[in-house]
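This is what each chain is made of:
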Amino acid sequence: MAPSARVADAIARTEASNATDKTPLYEQILADIQAHAASSPATADDLNAVADSLFGNALGVVSTRAVLAAFVTTLNSLADDALSLAAGGHALVLLSAQPPSSFADAAADLGALVADAHEADEDFLAAARALAAIPLDGPQRKVDDAERARVWVRIVRNYLEVGDAAAAETHLNKLRAVAQPGLLRADPELALHFALSQARVQDAKRDFLGAATRYHEVSLSPTVAEEERLRTLGAAARCAVLAPAGPARSRALGRLYKDDRAPQLPEFSILENMFLDRLLAPAEVDAFARSLPPHQLATTADGTTVLARAVIEHNLRAASRLYDNIRFDALGTLLGGLDADAAELTTARMIEQGRLVGRIDQLTGFVYFSGDGEGVAGETVNVRTRQWDANVESLAQQVEQVTNALQKEFPDFVAAHLAV
């Protein structure tokens, strides 16, 4: 579409003017566009025409910067997301053809405007890309660590909204480099978004144990509204349930279970049963699954879901509290219909990783559980070895005592039958 006749004429007069500084003329055009924006259907085309004229005529860097500042101010005052996308996006395309350092401030301001509009439109990928294009370094624009961090945390949040955990982590690593304790203490809101971003990236990458810890920390922040704190506590509970079964997960469950707010959560029932090492019923697991977001229901490489694996491993640990030993076919039935081989493979993996204490007898098809299931397997083996050594030593001492007693009472018998 073409600009309105009023603006086209004003631009033509400005371009033909012999004025040494045309900045006031362009500013007057922008003021006129702003005044007629409510009644003009061509506002976006009018702004685009101003931008085209600005870069089509060699006004000089200083004058162009001044007009661009007025252009950004006009867009801000109009506060129209569609207008920001149309006119702001067009101006950014024109700026991309200019030397990068010449108009860095205008590029940053327009990038932020366009990103705001994309976020309002829920086009989070476009918003992340617009923010990533904002110049944060250069000789003409000095940006402090706090401003960099605020841009990067927005990029992380937008990439997470579209499920791109890899891109989010890339910018989170940049954020970690500048998010020093002093900076975070000076900006509590930034500290909160940083912690939440870390939790969400860990959650998206299925580092559920780390995510549970981060979410719980955020849920304790006094700067967060009570409703949001409870929602974040629920996210921590879901991640703890999905984490690999083992001592570390038990500690995470314990911290959440002892939180005074936990009974208010819909996830409290399964959280309590897991913390107390109770076997989980299929109906309870199905109800919990309905509360999970899509990425937490994704299928893993072996064809199972994260939840299914977490439940199987939890029920295996719960079985270790109920049984001293059990055949793998019976264990598979207990774990929800697994065959004996699958039950053995899961058990072996958990023992190997130190998340379950026991030993497997493949000849008989039994698993023998040891202790209360806590601790590291290697440490338990050392304890068992020391116990075995002590028992052997005690037996040898008792045999020696019996031999000495026999020698006293029946010396001839012992001399005739003792084999040395």
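This one's a predicted model, so the numbers in the text were calculated from it and none came from an experiment. (Residues numbered from 1 in each chain as written. Predicted model: local features only at pLDDT ≥ 70, side-chain atom pairs only at ≥ 80, totals over all residues. Heavy atoms only, no water.)

Could you clarify how one ought to interpret the layout of surface pockets in this entry?
Over the atoms rolls a probe the size of a water molecule, and in doing so it shows where empty space is left. Counted as a void, the largest pocket has a volume near 620 Å³. Considering the residues around the largest pocket, the lining is formed by 24 residues, among which Glu161, Leu196, Arg200, Asp203 and Tyr215 are closest to the centre. Among the secondary structure elements, those contributing two or more residues to the lining of the largest pocket are α8 (145–161), α11 (188–204), α12 (208–219) and α13 (226–242). Looking at the lining of the largest pocket, the element that brings in the most residues is α11, giving six residues. (1 Å grid on protein atoms, 1.4 Å probe; cavity = no way out; pocket = protein on both sides within 12 Å on 5 of 7 lines; lining within 4 Å. Points joined across faces, edges and corners; volume = space filled by probe spheres on them. Helix = DSSP H or I, 4+ residues; strand = E, 2+ residues; numbered from the N terminus.)

Honestly, the domain arrangement of the chain in this entry has me stumped. Any pointers?
For interface size, the figure often reported is the accessible area lost on association. Annotation of the chain at the domain level lists domain 1 (1–139) and domain 2 (325–417). Computed over C-alpha atoms only, the centres of domain 1 and domain 2 are separated by 78 Å. (Domains from an automatic or database assignment.)

Where do I start with helix α15 (residues 268–275) in this structure?
One turn of an α-helix holds 3.6 residues; hence residues three or four places apart share an orientation. The set of residues buried in α15 consists of Phe268, Ile270, Leu271, Asn273 and Met274. Here the buried face of α15 lies against α13, α14 (247–257), α16 (282–289) and α17 (306–322). Just beyond α15, the residue with positive phi is Asp277, at close to 60°. (Buried < 20%, exposed > 50% of the residue type's maximum accessible area, 1.4 Å probe, protein only. Contact = heavy atoms within 4.5 Å.)

How should I be thinking about the sheet that holds strand β2 (residues 358–361) in this particular structure?
The strand order β1-β3-β2 describes an open sheet built from three strands, whose pairing is antiparallel. Each edge of the open sheet carries a strand with a single partner, namely β1 (325–327) and β2. If you compare each strand with its neighbour and ignore which way they point, the axes differ by 20° on average. The pairing of β2 with strand β3 (residues 366–369) spans four bridges and is classified as antiparallel. Note on β3: the bridge partner recorded for Gly358 is Phe369. The strands that helix α19 (residues 340–352) touches are β2 and β3; relative to β2, the one it contacts most, it runs at about 140°. (Pairing = 2+ DSSP bridges. Axes fitted to C-alpha atoms, helices over the stretch in contact; angles between N-to-C directions.)

I would appreciate a short explanation of the environment of Arg148 in the present structure.
With respect to the helices, strands and loops of the structure, Arg148 is situated in helix α8. For Arg148, a relative accessible area of 14% corresponds to the buried category. For the pair formed by Arg148 and Val50, sequence separation is 98 residues and the distance between their alpha carbons is 31 Å. In terms of polar contacts, Arg148 uses its side chain to reach the backbone carbonyl oxygen of Val143, at 2.9 Å. (Polar contact = N/O pair within 3.5 Å; in protein donor to acceptor, adjacent residues only side chain to side chain.)

I tried to follow the packing of α8 against helix α9 (residues 165–178) on my own but got confused; where do I start?
For any two helices packed against each other, one specifies the inter-axial angle together with the distance between the axes. Direction vectors running N to C along α8 and α9 enclose 160°, while the axes themselves pass 8 Å from each other. When the interaxial angle is binned, α8 and α9 end up roughly antiparallel. Regarding α8 and α9, the two cross each other, and that crossing is left-handed. Residue-level contacts link Asp145, Ala149, Trp152, Val153, Ile155, Val156, Tyr159 and Leu160 of α8 to Ala167, Ala168, His171, Leu172, Lys174, Leu175 and Val178 of α9. Residue classes in the contact of α8 with α9 are distributed as 12 nonpolar, one polar and two charged. (Parallel < 35°, antiparallel > 145°, perpendicular 65-115°, else oblique. Left-handed = near helix turned anticlockwise from the far one by under 90°. Nonpolar A, V, L, I, M, F, W, Y, C, P; charged D, E, K, R; others polar.)

Where do I start with the packing of aromatic side chains in this structure?
Aromatic rings in a pair are described by how distant their centres are and how their planes are angled relative to each other. Taken as a whole and judged by the stated rule, the model has four aromatic pairs. Ring centres of Phe55 and Phe103 lie 6.0 Å apart, and the angle between their planes is 85°; on these two criteria the pair is classed as edge-to-face. Of this pair, Phe55 sits in helix α3 (residues 43–56) while Phe103 sits in the loop between α5 (81–95) and α6 (104–120), and the two are 48 residues apart along the sequence. Seen in terms of ring centroids, Tyr257 and Phe268 are 5.8 Å apart; in terms of plane orientation they differ by 5°. Their pairing is stacked. With a gap of 11 residues between them, Tyr257 in helix α14 and Phe268 in helix α15 connect regions that are remote in the sequence. Its relative accessible area of 24% is what places Tyr257 among the partly exposed residues. For Phe268, a relative accessible area of 17% corresponds to the buried category. Between Arg359 and the ring centre of Tyr368, over which it is positioned, the NZ or CZ distance is 4.4 Å. (Phe/Tyr/Trp six-rings, centres within 6.5 Å; stacked < 30°, edge-to-face > 60°. Lys NZ or Arg CZ within 6 Å of the ring centre and 35° of its normal.)

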